[in-house]
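For reference, the chains in residue letters:
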Amino acid sequence: MIQIAVLGYGTVGSGVVEVINTNHASINKKAGDEINIKYVLDLRDFPGDPIQEKIVHDYEVIINDPEIKIIVEVMGGTNPAYSFVKRALESGKSVCTSNKELVAKHGVELLAIAREKNINFLFEASCGGGIPIIRPLNSSLTADEIDEITGILNGTTNYILSKMASDGSEFEDVLKDAQEKGYAERNPAADVEGWDACRKIAILSSLAFGNHVDFEEIYTEGITKITAADIKYAKAWGASIKLLATSRKVGDGFYAMVSPVMINSNNPLYSVNDVFNAIFVHGNVLGDAMFYGSGAGKLPTASAVVGDVVDAAKHLDTNVMVGWSSKKLELMDVKNVENRFFVRMGGSYTENLPKVEEVFGQVDSKVLAEVNGEFAFITGKMTEAEYQEKAAKLDDIRGMIRVRF
């Protein structure tokens, strides 16, 4: 019997318990041994819940129990999760986590401890919820040289943008709806400002490219400035707006960024709507591949965590190597990254288009009667720095979104 402990009995923690209880027989068969939850750490009590008999309030009970071989960390945040996980690994206990903040900030250090102790630090659920992506990057795709990962990595923002597109609503109205449905937190900043997607693309980039990508160095822009007018223009071009997290190899350099992007039906991520997530990977041998599924939610995320528990149980005294070096990957300045740009501009189309084309050259332009007093255009390809320099020559630019088509 393999004894495990679960740190946190919130949404994902209760899901982990539910998945193990529901699929107990098949999980044990795959693990090659019986997996038993001995402790659940939480500050609260749960009277009437069968889990109450396993609830402990003191981490010392868990860390000092030699029977505990695997610890599941689903508390979230970095404090006290980081100190708990580090102590667990130093004590020779494998750890499985869904905590992207922890992995993005301390992953290199925690993986090094796991290697040293010949145990495992696994985090499949940290980037795509229920979507399997860490294991494919770490094993199935190791023969490839990955040159791009682009993903819709946050279900909350994808729901908001999808709802804005279907209803013609403004951002603030849809955000309120998302909060009422439980898709968005009371404080939604981590999602809508792009920070959640930033941490996830940092983890995926570190695995894909082998060297450490610092999430704090990734250019990050959220969706709070997207308007119903932007959506109308996108539809006029046969496009949709998605919050994309991208890392890409360009020549000898690499860049990573998170921002809203306008894409059309030629892009495989175009039809990914609602709370679903998808991750597009391009390799020099594989070509294109896409991973799609529920990027969040109690049971999908818990399923990925329990998958790691099974993997850890099968490799109790063997480190499953993860290709994530402590050597830092230097990212190129995003000012040198090339894109096309969708630009909304106030004023008369007929009067202003000549000036626009004098500055930007030939553009693809649209006028919408529903959006009064303005027009929009899409530039040719240019660097971010070139765009900023040209845009500064025009008055009354009301918005800009990057374009990939």
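Please read all numbers here as calculations on a predicted model, not as lab measurements.

Participant: Is there a simple way to think about the nonpolar core in this case?
Facilitator: The nonpolar side chains of a soluble globular protein tend to be buried with one another. In terms of nonpolar packing, the biggest core is built from 86 residues, with I62, F121, F123 and I160 touching the most fellow members. Looking at which element gives the most residues to this core, the answer is helix α11 (residues 195–209), with 9 residues. Not counting the four nearest positions on each side in its chain, F123 is found in contact with T97, V103, L111, I134, I203, L207, D308, V322 and W324. Within the second largest apolar cluster, 31 residues are counted, among which are I4, I27, I35 and A302.

Participant: Which parts of the structure should I look at to understand the packing of helix α5 (residues 100–117) against α11?
Facilitator: When two helices pack together, their arrangement is given by the angle between the helix axes and the distance between those axes. Closest axis-to-axis distance for the α5/α11 pair is 9 Å, and the angle between their directions is 50°. With respect to their mutual orientation, α5 and α11 come out oblique. As α5 runs across α11, the sense of the crossing is left-handed. Counted together, K100, E101, V103 and A104 of α5 and D196, R199, K200 and I203 of α11 form the full contact between these two elements.

Participant: Can you help me understand the pairing of strand β5 (residues 94–97) in this one?
Facilitator: Remark: a regular strand shows side chains that alternate across the two faces of the sheet. What you see with β5 is no split at all: S94 and C96 on one side and V95 and T97 on the other are buried throughout. As paired strands, strand β4 (residues 68–73) and β5 are joined by 4 bridges and run parallel to one another. Residue E73 lies in a different strand from β5, and its bridge partner there is T97. In this fold, the crossover linking β4 to β5 by way of helix α4 (residues 81–90) has right-handed handedness. With α5 bridging β5 and its parallel neighbour strand β6 (residues 121–122), the resulting β-α-β unit is right-handed.

Participant: Can you help me understand the layout of surface pockets in this one?
Facilitator: The method is simple in principle: a probe with the dimensions of a water molecule rolls over the atoms, and the space it marks as empty is what remains. There is about 1200 Å³ of room inside the largest pocket. As for the largest pocket, its lining consists of 38 residues, of which V12, K100, E185, A296 and G297 are closest to the centre. For the lining of the largest pocket, the secondary structure elements donating two or more residues are α1 (11–22), α5, α6 (125–128), α8 (155–167), α10 (189–192), α11 and α13 (298–314). When the residues that make up the lining of the largest pocket are grouped by side-chain class, the tally is 10 nonpolar, 18 polar and 10 charged. There is about 380 Å³ of room inside the second largest pocket. Surrounding the second largest pocket, 21 residues form its lining, E148, R248, N339, K381 and R404 being those nearest its centre.

Rules behind the numbers
Residues numbered from 1 in each chain as written. Predicted model: local features only at pLDDT ≥ 70, side-chain atom pairs only at ≥ 80, totals over all residues. Heavy atoms only, no water. Core = buried A, V, L, I, M, F, W, Y, C linked by side-chain atoms within 4.5 Å. Buried < 20%, exposed > 50% of the residue type's maximum accessible area, 1.4 Å probe, protein only. Helix = DSSP H or I, 4+ residues; strand = E, 2+ residues; numbered from the N terminus. Contact = heavy atoms within 4.5 Å. Axes fitted to C-alpha atoms, helices over the stretch in contact; angles between N-to-C directions. Parallel < 35°, antiparallel > 145°, perpendicular 65-115°, else oblique. Left-handed = near helix turned anticlockwise from the far one by under 90°. Pairing = 2+ DSSP bridges. Right-handed = clockwise from strand over helix to strand, strands pointing away. 1 Å grid on protein atoms, 1.4 Å probe; cavity = no way out; pocket = protein on both sides within 12 Å on 5 of 7 lines; lining within 4 Å. Points joined across faces, edges and corners; volume = space filled by probe spheres on them. Nonpolar A, V, L, I, M, F, W, Y, C, P; charged D, E, K, R; others polar.

Keep in mind these numbers describe shape, not what the thing actually does.
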